[in-house]
Amino acid sequence: MDKREHSAGLLAALGCFSMWGVMPIYFHLIGPSVSPWEILTQRMVWAAVLLTLFVLITRRHERVMAIVRQPRLLLALTASALLISCNWGLFIWAVSSHHVLQASLGYYINPLLNVVLGLIFFRERLRPLQMVAVLLAAAGVMIMVVGFGRVPWVSLMLAGTFGIYGLIRKRIAVDSITGLYIETMLLLPFALLWLGGLYFQQQAVFLQGSVRTDVLLIGCGLITVLPLVLFTMGARRLKLGTLGLMQYLTPTLHLLTGVFLFGEPFNQASLVTFGCIWAGLVLYTVDTLRAQRQVSSA
């Protein structure tokens, strides 16, 4: 791969992880007048609109129909759609409820959880450093639960839903854009019903006054689709190790946003738990890079 392709991959990945990283700021800008559940439904609706246009422009409709004709694939995508909707909804709720630090912790935990899921479902062997990394992450969570009496349930649910979502998507032969389109279309009827209920109860905000709020809600579709397109571009041009290192940009931006912009307390419990997770991630990263060098030199 030439330098131009590699540079394009780096820029695409940087754009992707940066956009995911500033999502708390975006949802915060929408304002407290819009409930997390309306933001979630609007995100689904406008993502469906943009993805439909993208599928038509890129002529992916044949891929979509081929998957729709396979009940097993459709069932698997239904399960992944439920998981990603739970993940999206919980993340939006975490931002609106001032739990951005817990969201950050969840996405720091996720790579280490993926190691455990690989062990359970793919019988992947854990190397010594990977084992220590996972144990450090578990210790960090247990210290918060036992020592400080707090269960980081938002972090654990975000990591769990996204981890299992990734597990399902890894087991099925569907590319990311096509898969997300089908997932979104499966969720769309429920999103429209929920949105209709909000209007019936006079709790919906979209098209009820503020043009700024309306534009931001429509933009929820763009911030859902665009990072995924950039991620796909980056994944095609970069090594997985490079992509894996860059993914830590997202929870780091969440952490900085929560502490310095939203004023969430970073107390002793947070310091101990994050410290254990960071130490685990350092070991995990070192082990991954070492394994890649061994493969390259073989």
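A brief look at the structure comes next. No experiment lies behind these values; they were computed from the predicted model shown. (Residues numbered from 1 in each chain as written. Predicted model: local features only at pLDDT ≥ 70, side-chain atom pairs only at ≥ 80, totals over all residues. Heavy atoms only, no water.)

The number of helices and strands found in the chain is 13 helices and 0 strands. Starting at the N terminus, the α and β elements of the chain follow one another as α-α-α-α-α-α-α-α-α-α-α-α-α. Expected size for 298 residues packed as a compact globule is a radius of gyration near 19 Å; at 20 Å, the chain falls within 12% of this value. Looking at the chain as a whole, 46% of its 298 residues qualify as buried. Put simply, of all contacts in the chain between residues at least 6 apart along the chain, 85% involve residues at least 24 apart. (Helix = DSSP H or I, 4+ residues; strand = E, 2+ residues; numbered from the N terminus. Rg over C-alpha atoms; globule rule 2.2 N^0.38 Å. Buried < 20%, exposed > 50% of the residue type's maximum accessible area, 1.4 Å probe, protein only. Contact = heavy atoms within 4.5 Å.)

Within the secondary structure layout, Asn-87 lies in helix H5 (residues 71-96). A residue is classified by how much of its surface remains accessible, and Asn-87, at 4% relative accessible area, is buried.

What follows concerns the nonpolar core. Counting residues in hydrophobic clusters, the biggest one holds 52 residues, and the most contacted among them are Tyr-26, Phe-27, Ile-30, Ile-39, Phe-91 and Leu-158. Of all the secondary-structure elements, those providing two or more residues to this core are helix H2 (23-30), helix H3 (36-57), helix H4 (61-68), H5, helix H6 (100-122), helix H8 (153-171), helix H9 (176-200) and helix H10 (211-237). Within the second largest apolar cluster, 17 residues are counted, among which are Leu-105, Val-115, Ala-133 and Ile-277. (Core = buried A, V, L, I, M, F, W, Y, C linked by side-chain atoms within 4.5 Å.)

As a further point, take unusual backbone geometry. Notably, Arg-59 is not glycine yet its phi reads approximately 55°, a positive angle. Relative to the elements of secondary structure, Arg-59 occurs in the loop between H3 and H4. Here the phi dihedral of Leu-207 falls at roughly 65°; this positive angle occurs in a residue that is not glycine. Within the fold, Leu-207 resides in the loop between H9 and H10.

Bringing helix H7 (residues 128-148) into the picture now. Over its 21 residues, H7 extends 29 Å from the first C-alpha to the last, a length consistent with the 30 Å expected when each residue adds 1.5 Å. The largest bend in H7 amounts to roughly 25° and is located at Met-142. Within the span of H7, buried status applies to Gln-130, Ala-133, Val-134, Ala-137, Gly-140, Val-141 and Met-144. Once H7 ends, the next one or two residues include Gly-149, with phi positive near 65°. (Expected span 1.5 Å × (residues − 1). Bend = angle between axes of the 7 residues up to and from the residue.)

The next point concerns the packing of aromatic side chains. Taken as a whole, this structure holds 14 aromatic pairs when the rule is applied. Ring centres of Tyr-108 and Trp-278 lie 6.2 Å apart, and the angle between their planes is 85°; this geometry places the pair in the edge-to-face category. Here Trp-278 lies in helix H13 (residues 268-297) and Tyr-108 lies in helix H6, a separation of 170 residues in the sequence. An aromatic cluster is built from Tyr-26, Phe-27, Phe-91, Tyr-107, Phe-162 and Tyr-165, whose rings are joined through pairwise contacts. Looking at Arg-43, its charged tip hangs above the ring of Trp-88, at a distance of 4.3 Å from the centre. Geometry around Phe-122 places Lys-170 over its ring, the cationic atom sitting 4.8 Å from the centre. (Phe/Tyr/Trp six-rings, centres within 6.5 Å; stacked < 30°, edge-to-face > 60°. Lys NZ or Arg CZ within 6 Å of the ring centre and 35° of its normal.)

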